[in-house]
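# Inside the fold
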Amino acid sequence: MSNMSFNFPQLRRFAIAQNQFRGKIPDTLSNISGLELLDLGENHLRGQVPDSLGMLKNLYWLRLDSNELGTGMLGDLNFLNSFNSISSLRVIGLYSNNFGGVLPNSIVNLSLQHFTIGNNRISGNILGDIGNLINLTTFGVAENDLTGVIPDSISKLQNLRQLDLSWNRLSGAIPTSLWNCLNMELLILDYNKLSGSLLGNFVSQLNHLRSLYMQQNLLTGSFPADVGELKNLFELVISDNKLSGVIPTELGNCLVLEYLDMARNYFQGNIPLSFRFL
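Just so we're clear, the structure is a prediction, and the values are computed from it rather than from any experiment.

### Re the nonpolar core
Judged by nonpolar contacts, the single largest core of 76 residues is most densely connected at Phe-83, Leu-94, Phe-115, Phe-139 and Leu-178. Residue contacts for Phe-139: discarding those within four places in its chain leaves Phe-115, Ile-126, Ile-130, Leu-160, Gln-162, Leu-163, Asp-164 and Leu-165.

As structure tokens, then:
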């Protein structure tokens, strides 16, 4: 693909996903000045993403998922800094590549609705100003090497529906402010080093929540009874923690629950009779 030249002044959408293209992303893509959608996912593209993509001032959708982009080193994500002047950009998909380095602060100045960069080699912390992305509905950074805590500012993401922070090395307590993301449908925090007890109103505020994954952490204390208020909960996985006490009978109120895994904790007592309704 590196040797391809592009001179299509009227082209608005360029999608070549799920093919066998190889080589680097050519700088000449920036010649398509009116481009709005660029989808190069599921190919064999490699190397650095060119900064010249920042010249596509009408771009709203960029998907580079499932390639071999990046070097696994610091600086791989510098191209994101070139997007600061693209006010139309809403979707960035970088899942499953070889990107290294840290998330650049510049992304919090965008108007993104969707940002996924899971299954890469990203290190450092989740940006403290992530709450500036107030239009964000999907944020996925799973399967990286992120450390530090979940920032409180994430509570500002009132439109957030899907949050996946799994398979990192995040630590500290789950901030109670997270429960202010009232539109959350999918919350995945498993395979980290999160600790402490589940405080606050927990998930009872998350009326739209369908899937909650918290397994393989260091969570302690009892499991809050207000989980019974989650009438749309379909999956609950809290195995491999240090939770204790009795299983809340209120869990039996989750009538659409189909998948429940509480294994390898310190729960005791009897299985609630309310489970017969599940």
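### With respect to the sheet that holds strand 9 (residues 114-116)
Read across the sheet, eleven strands follow the order 1-3-5-7-9-11-13-15-17-19-21 without closing on themselves; strand pairing throughout is parallel. Only two strands of the sheet have a single partner each, and these edge strands are strand 1 (13-15) and strand 21 (259-261). When the angles between neighbouring strand axes are averaged without regard to direction, this sheet yields 10°.

### Let's talk about the sheet that holds strand 6 (residues 68-69)
With parallel pairing, the three strands of this open sheet are ordered in space as 2-4-6. Because the sheet does not close on itself, it has two edges, and the strands there are strand 2 (22-23) and strand 6. Note that strand 4 (residues 44-47) and strand 6 share two bridges and pair parallel. Counterpart to Arg-46 in the pairing with strand 6 is Glu-68.

### Observations regarding unusual backbone geometry
Backbone geometry at Ser-66 places phi at a positive 55°, although glycine is not the residue there. Turning to its location among the elements, Ser-66 is positioned in the loop between strand 5 (61-63) and strand 6. The phi dihedral of Gln-216 falls on the positive side, at around 60°, and the residue is not glycine. Within the secondary structure layout, Gln-216 lies in the loop between strand 17 (211-213) and strand 18 (218-221). What makes Gln-216 partly exposed here is its relative accessible area of 32%.

### Re the layout of surface pockets
Considered as a void within the structure, the largest pocket measures approximately 200 Å³ in volume. Considering the residues around the largest pocket, the lining is formed by 16 residues, among which Tyr-95, Thr-116, Gly-140, Ala-142 and Asp-164 are closest to the centre. Within the residue set of the lining of the largest pocket, elements represented by two or more residues are strand 9, strand 11 (138-140) and strand 13 (162-164). Residue classes in the lining of the largest pocket are distributed as seven nonpolar, seven polar and two charged.

How each quantity is defined
- Residues numbered from 1 in each chain as written.
- Predicted model: local features only at pLDDT ≥ 70, side-chain atom pairs only at ≥ 80, totals over all residues.
- Heavy atoms only, no water.
- Core = buried A, V, L, I, M, F, W, Y, C linked by side-chain atoms within 4.5 Å.
- Buried < 20%, exposed > 50% of the residue type's maximum accessible area, 1.4 Å probe, protein only.
- Contact = heavy atoms within 4.5 Å.
- Pairing = 2+ DSSP bridges.
- Helix = DSSP H or I, 4+ residues; strand = E, 2+ residues; numbered from the N terminus.
- Axes fitted to C-alpha atoms, helices over the stretch in contact; angles between N-to-C directions.
- 1 Å grid on protein atoms, 1.4 Å probe; cavity = no way out; pocket = protein on both sides within 12 Å on 5 of 7 lines; lining within 4 Å.
- Points joined across faces, edges and corners; volume = space filled by probe spheres on them.
- Nonpolar A, V, L, I, M, F, W, Y, C, P; charged D, E, K, R; others polar.

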